[in-house]
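Per-entry structural report
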Amino acid sequence: MTSLSDLVRPDRYPRSSRYDPAWLLGLDMGPNPLWLLEDLARDLDLRPGMRILDLGSGKGATSVFLAREYGAEVVAADLWIAPEEAAAVFADAGVGDRVRAVRAEAHALPFDEESFDAVVSVDAFEYFGTADGYLPYLARFLRPGGQLGMATPALTREVRELGAIPPHIKDVVGWEAIAWHTAEWWRFQWAITELVEVTSARLQPDAWRDWLLWTRAGAAHRGDDSGSDQRVIDMLTADGGEYLSFALVTARKG
């Protein structure tokens, strides 16, 4: 049986391994957010004092990580989590003075243009960022030279190429998988705007194994009373990395 200790992996994710797995699972709104962010950050140049928008920040684990690990001033923006709830997480983590929680819808961001050095989004972009006009909208909030980085569920081949969502994926996530694009789809989608230079677009190695490990540990920790964890475990096991992955994409504004 997978245990919480299996989520401590300093060989692959040294920064993330400093965080209590039980704390992370208590903030769970998607698989292994700190592993994704730590890997994504290898393709970014994050420095102390940067003002970073954490877009789709959920319950706040990624915002805590950005503030602690990179010395950033973070704005944590999410539609579904009350700012008061997120602020309590930040205060408990000792970063309440460096992270500000804001309730925001991704298409109506309440910020000044060119007010961020970087925008980071982990396991959220698939819900709001696939439209052709979204990158041009989001780029308005980046300063010249600002960076954009996102990690999102991905497929190894486009659904349109396959002709259908693979049944073992459709049974669990339904039509939402149409938004799980390949890394190359994202590269083209951003580069064609000529507003940013895409600096990396890749599928995370063994992303499905990370996802499976995280879900198994979460199921054991929670007791999996609802069975929802088991459905994801079955999906990932059936897939075996044939289709399921995560895309990590970064860019810099001109």
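See the structure above.
Residues numbered from 1 in each chain as written. Predicted model: local features only at pLDDT ≥ 70, side-chain atom pairs only at ≥ 80, totals over all residues. Heavy atoms only, no water.

Re the packing of aromatic side chains
Summed over all chains, the structure comprises 17 aromatic pairs. On the basis of an interplanar angle of 5 degrees and a centroid distance of 5.3 Å, the ring pair of Tyr13 and Trp35 is categorised as stacked. Linking Tyr13 in the segment before α1 (21-26) with Trp35 in helix α2 (residues 33-41), this pair joins segments that are 22 residues apart in sequence. The buried category is assigned to Trp35, whose relative accessible area is 4%. Each ring, one from Tyr137 and one from Phe141, has its centre 5.3 Å from the other, and the planes form 75 degrees; the classification is edge-to-face. (Phe/Tyr/Trp six-rings, centres within 6.5 Å; stacked < 30°, edge-to-face > 60°. Helix = DSSP H or I, 4+ residues; strand = E, 2+ residues; numbered from the N terminus. Buried < 20%, exposed > 50% of the residue type's maximum accessible area, 1.4 Å probe, protein only.)

Some details on the packing of helix α10 (residues 207-222) against helix α11 (residues 228-239)
The relative placement of two packed helices comes down to the angle between their axes together with the axis-to-axis distance. Interhelical geometry of α10 versus α11 gives an angle of 155 degrees and a closest axis separation of 9 Å. Overall, the two elements α10 and α11 adopt an arrangement that is roughly antiparallel. Judged by the sense of rotation from one axis to the other, the crossing of α10 with α11 is left-handed. On α11, the residues that touch Trp208, Trp211, Leu212, Thr215, Arg216, Gly218, Ala219 and Arg222 of α10 are Asp229, Val232, Ile233, Met235, Leu236 and Thr237. Split by residue class, the contact of α10 with α11 holds eight nonpolar, three polar and three charged. (Axes fitted to C-alpha atoms, helices over the stretch in contact; angles between N-to-C directions. Parallel < 35°, antiparallel > 145°, perpendicular 65-115°, else oblique. Left-handed = near helix turned anticlockwise from the far one by under 90°. Contact = heavy atoms within 4.5 Å. Nonpolar A, V, L, I, M, F, W, Y, C, P; charged D, E, K, R; others polar.)

A closer look at unusual backbone geometry
At Glu114, a position not held by glycine, the phi torsion is positive, near 55 degrees. Looking at the element boundaries, Glu114 is found in the loop between β3 (99-103) and β4 (116-122). Even without a glycine there, the phi angle at Asp206 is positive, about 55 degrees. Residue placement: Asp206 occurs in the loop between β6 (196-203) and α10.

Focus: the nonpolar core
By size, the foremost hydrophobic cluster in this structure holds 60 residues, and its most contacted members are Leu46, Phe90 and Ile169. Residue contributions to this core peak at eight residues, all from α10. By size, the runner-up hydrophobic cluster in this structure holds 32 residues, among which are Leu53, Tyr137, Ala247 and Val249. (Core = buried A, V, L, I, M, F, W, Y, C linked by side-chain atoms within 4.5 Å.)

A look at a nonpolar patch on the surface
Residues Met29, Leu79 and Trp80 make up a contiguous nonpolar surface patch of roughly 370 Å² in combined accessible area. Looking at where Trp80 falls in the secondary structure, it is placed in the loop between β2 (73-78) and α4 (83-92). The exposed category is assigned to Trp80, whose relative accessible area is 69%. (Patch = residues over 30% accessible without salt bridge, like charges linked within 9 Å, V, L, I, M, F, W, Y side chains within 5 Å. Areas by Shrake-Rupley, 256 points an atom, 1.4 Å probe, with all protein chains shown as cover. Salt bridge = Lys/Arg side-chain N within 4 Å of Asp/Glu carboxyl O.)

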